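# Notes for the structure review
Spelled out from the first residue to the last, the chains are:
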Amino acid sequence: MGPNAESIDANPEGTWSEPNPMPNLVLLAQIATSCMLTGLIWTIQVVHYPLFASVGADRFVAYEASHARLITLVVGPLMLAEAATAMLLLAIRPASIPMWIPVAGAALLAAIWLTTAFVSVPCHARLADGFDAEAHRRLVDTNWIRTIAWSARAALLLWAGWLTLQAVRADA
């Protein structure tokens, strides 16, 4: 048996089962939420935010208000689920994943949340009063921080998933 023999055992049918599936479920939730948010942030960065400049001054306040309301419905639950499972992954992780992976993931998540709270939200607050070219430029430019951090999280978590799959195969 491989290095994770204490956590993964063969059952009589020859398939593999883990006595406590929670670490793997937490990892899967992390991969899912991070990848969904990575795709979303790339769409926001490359398509949505640049198009703010094309809305027109007469319609921008209503557009920004709709954007803020609707994007929160999509992003809010995903970010909360991602944060919750990131904290859980620090406490319970598959044995195949070194501790530095969830720590690095949590650090990237902190950068995302801090950038959101202290940079993106204030830019949106300025834009809520009407299109402001400087606030728009700052929003687009600084959103690269979140885009890169989410991309790095997704890559890191996909690698963690790969390590977990490799450990299961090694035990087979």
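You'll find the structure just up there.
Residues numbered from 1 in each chain as written. Predicted model: local features only at pLDDT ≥ 70, side-chain atom pairs only at ≥ 80, totals over all residues. Heavy atoms only, no water.

## Describing the overall build of the protein
Along the backbone of the protein there are 4 helices and 2 strands. Ordering the α and β elements of the protein from the N terminus gives β-β-α-α-α-α. For the protein, the exposed surface amounts to about 9000 Å²; the carbon and sulfur share of it is 72%. (Helix = DSSP H or I, 4+ residues; strand = E, 2+ residues; numbered from the N terminus. Areas by Shrake-Rupley, 256 points an atom, 1.4 Å probe, with all protein chains shown as cover.)

## Notes on the nonpolar core
Ranked by size, the top nonpolar core spans 11 residues in total: L37, I41, V75, L78, M79, A83, A86, L109, I112, A149 and W150. The set of elements that each furnish at least two residues to this core consists of α1 (22-51), α2 (57-91), α3 (100-127) and α4 (133-171). Among the elements that take part in this core, α2 stands out by supplying 5 residues, more than any other. Formed by 10 residues, the second largest nonpolar core is a distinct cluster that contains Y49, F60, C123 and A135. (Core = buried A, V, L, I, M, F, W, Y, C linked by side-chain atoms within 4.5 Å. Buried < 20%, exposed > 50% of the residue type's maximum accessible area, 1.4 Å probe, protein only.)

## A closer look at the packing of α2 against α3
Contact pair α2 / α3: the axes reach a minimum separation of 11 Å and the direction vectors enclose 165°. One element, α2, and the other, α3, form an angle in the roughly antiparallel class. The handedness of the crossing between α2 and α3 comes out as left-handed. Seen from α2, the contacting residues are F60, E64, H67, M79, L80, E82, A83, A86, M87, L89 and L90; seen from α3, they are P102, V103, A106, L109, I112, W113, T116, H124 and L127. Looking at the contact of α2 with α3, its residues break down into 15 nonpolar, 3 polar and 2 charged. (Axes fitted to C-alpha atoms, helices over the stretch in contact; angles between N-to-C directions. Parallel < 35°, antiparallel > 145°, perpendicular 65-115°, else oblique. Left-handed = near helix turned anticlockwise from the far one by under 90°. Contact = heavy atoms within 4.5 Å. Nonpolar A, V, L, I, M, F, W, Y, C, P; charged D, E, K, R; others polar.)

## Quick notes on the side chain of H136
Among the secondary structure elements, H136 is positioned in helix α4. When sequence neighbours within four positions are dropped, the list of residues in contact with H136 reads Y49, P50, F52, A53, L127 and F131.

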